[in-house]
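Single-letter residue listing:
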Amino acid sequence: MPEHKIIFTGPVGAGKTTAIATLSDIPIVRTDEMATDMTARRKPNTTVAMDYGVMNLDGGGRVHLFGTPGQERFDFMWDILTQGGLGLVLLLDNSRPKPFNDLLFFLNAFRKFVDRTRLVVGITFMDERPAPGIPDYSDQLRALGYSAPVFEVDARRREDVATLVEALLYCIDPGIVDHV
Amino acid sequence: MNDAHPSPAGDRPARAIPAPLPIVLAGLDTRMRALLELFFAGPARDRGRLVTEHDQTQPRLAIVDLDGIDAAAVWQDLRARFAGPAIVLSVSEQTLDGAVWVRKPLQAGDLTAAIDRVREDLDRQAPPTDAPPPSHAAPSPAADATAALPQQPSPKTTAAPTPPRHRTPAFDLTRDLEACYGTPHGAHPGDADTGRLDFYDPQRALQGVLQKARARALQYDDPVWVDHRGNGVVLFSNGRHALVNATERELALLCDEPTVGDDLVLRPAPASDHPGPGLAGACDADELLWGVALRCARGRLPWGTDPTAVVWLRRWPNFTRLPIPPHAMQIAALWSQRPVALRQTSALLGVPERYVYALYSACLALDLVRTESRRDTAPAPTAATPSAEKRSLIGGLLRKLKLLR
């Protein structure tokens, strides 16, 4: 049976673990631990290895959902995680001080992967801090050569995360509906 | 003229000293709260006085510490109860709507400057008519009063007619699919599957009026009211919010009018409908315009559109916060990857033209698409077509995701 994976990445506290949990058919496998560094202020627990969930499809297919460790000191795992991935879901926390820096950082970190697959961007915590807005992110991405979907996302809302992943799949193949 | 308070400048009339602003505190620890009690009992007693939920006076300003571990909850709780301006104290820069950031460690001068700024904003929004006499009452014992429940600001009298206070939050004008996208049998005048092209004129429809009002509000930095017999829509000067003083049905009927004519008049919004920092009751202006454009277009193209011109997507619609028309996601994906003619989009994706035209019209209303007047001669999509196995898996995943949303 075909199996593929989708990678969720973004800074600490952006909602990766929550987003995977909203889609996964199994209880998410978490590798959270108490944060002991400056991330503790934003999030008492942080992902130190990865999060894992799975979506079971009709006919026996499965899609694995992996969340990358949020802290940069675990970035050695990112290359391994992306191997065989369908695409990248980048979640950015709009309430962080410099979210465009986060965008740039993760695009650089996953550039090779994104260049051979597809990217979608979900902006979280826009209710706490509305600026920068979705158009601002789109313009930043376009300036960097990407025309990826950018949506406002509440990682706790299944319909938000599902819409984001749906956009990723259509970006992989806009004509896919013929084959559904 | 108040002789008791001569103007320092000497040649200007003296102004009455404004009453101290009633201030509520939120998210502060005991030490910080005690400091602010001292501050407002002493050097800043003319600028503010602390109030609690037990006071008769409703707060006009909140001071909130956003460095606590539960800062997000504190902010949300405050905003649920108090829509007025806030001063946020934090070590890192905060740019929250309706809030002024003051860096920690807190300096008295920074805080007084922030309070003065808030007062100026409040005065601008509500020019004082009969200012109350200055009050130098001793401040109340302060408490962490996130539970204080201020009332909505009372409507101010203005010469202009005042829209009713009925305010519709988010609504969906696209629920009726036929009304928005036509039918495949040509029963609807907007249908395009019959091979006959049909157009509409956005500028003469409600869509154009709202777009004009939004542009004017942005240009003059003042809210604009689209007055429809005393009801209607107020577009705020931030370009992002609107107040709808009409039912969904009333709005839908207006959308169905090809020419709205003199039914709608653009006016300066009454002061009572100027947005407060909390924007209570406001809806998203993009969401409003998106729904109106879909409903006005009804699967048709804006007048003058060349269906052979190529289209490309500047930005994706924010599909998690907008109604998603049928096939919109795959059309957007195609347009985001390369310029494609409208008619060719339909052929490439096997999607009825009316859905392509509907999405194009709505995207155009939000300035999300660009067209170029050249015929589409581009080759098929350059992205490598996924393997059959992968397509099968993606198809299965799409089916599942559509069930989830």
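Check the entry above for the structure.
Definitions and cut-offs
Residues numbered from 1 in each chain as written. Chains lettered and ligands numbered in written order. Predicted model: local features only at pLDDT ≥ 70, side-chain atom pairs only at ≥ 80, totals over all residues. Heavy atoms only, no water. Pairing = 2+ DSSP bridges. Helix = DSSP H or I, 4+ residues; strand = E, 2+ residues; numbered from the N terminus. Axes fitted to C-alpha atoms, helices over the stretch in contact; angles between N-to-C directions. Contact = heavy atoms within 4.5 Å. Polar contact = N/O pair within 3.5 Å; in protein donor to acceptor, adjacent residues only side chain to side chain. Core = buried A, V, L, I, M, F, W, Y, C linked by side-chain atoms within 4.5 Å. Buried < 20%, exposed > 50% of the residue type's maximum accessible area, 1.4 Å probe, protein only.

## Description of the sheet that holds strand β7 (residues 119–124) of chain A
Residue and element names in this part refer to chain A.
Turning to step 1, where the next piece is worked out: The strand order across the open sheet built from six strands is β4-β5-β1-β6-β7-β8, with neighbouring strands paired in mixed fashion. Of all strands in the sheet, those bounded by a partner on one side alone are β4 (51–56) and β8 (150–152). Each neighbouring strand pair of the sheet contributes to a mean axis angle of 20°, computed without reference to strand direction.
Turning to step 2, where the next piece is worked out: In the sheet, strand β1 (residues 3–9) pairs with strand β6 (residues 85–93) via five bridges, with the strands oriented parallel. Among the inter-strand pairings, Thr 9 is bridged to a residue of β6, identified as Leu 90.
Turning to step 3, where the next piece is worked out: Together, β1, β4, β5 (62–67) and β6 form the strand contacts of helix α1 (residues 16–23), whose direction differs from that of β4 by roughly 25°.
Turning to step 4, where the next piece is worked out: On top of the sheet, helix α6 (residues 158–172) reaches β1, β6, β7 and β8; it is set at about 135° to β6, its chief contact.

## What to know about the side chain of Asp 67 of chain B
Turning to step 1, where the next piece is worked out: Among the structural elements, Asp 67 of chain B can be located in the loop between β3 (61–65) and α2 (71–81).
Turning to step 2, where the next piece is worked out: At a separation of 3.3 Å, a polar atom in the side chain of Asp 67 of chain B contacts the side chain of Lys 104 of chain B.

## Quick look at the nonpolar core
Turning to step 1, where the next piece is worked out: Ile 6 and Phe 8 of chain A together with Leu 206, Trp 290, Trp 316 and Trp 335 of chain B are the most contacted members of the largest nonpolar core, which has 96 residues in total.
Turning to step 2, where the next piece is worked out: Per-element tally for this core: the top contributor is α6 of chain A, with 10 residues.
Turning to step 3, where the next piece is worked out: Non-local contacts of Trp 290 of chain B, meaning those with residues more than four positions away in its chain, are made with Pro 317, Phe 319, Leu 322, Pro 323, Pro 325, Leu 359, Ala 362, Cys 363, Leu 366 and Leu 368 of chain B.
Turning to step 4, where the next piece is worked out: One finds Val 54, Trp 78, Leu 103 and Leu 119 of chain A within the second-largest nonpolar core, a separate group that totals 25 residues.

## As for the sheet that holds strand β2 (residues 48–50) of chain B
All names here are of chain B.
Turning to step 1, where the next piece is worked out: Taking strand neighbours across the sheet as the criterion, the five strands line up as β2-β1-β3-β4-β5 in an open arrangement whose pairing is parallel. Looking at strand neighbours, the two that pair on one side only are β2 and β5 (99–103), the edges of this open sheet. If you compare each strand with its neighbour and ignore which way they point, the axes differ by 30° on average.
Turning to step 2, where the next piece is worked out: Sitting on the sheet, α2 is in contact with β1 (21–26), β3, β4 (86–90) and β5, with an inclination near 170° to β3.

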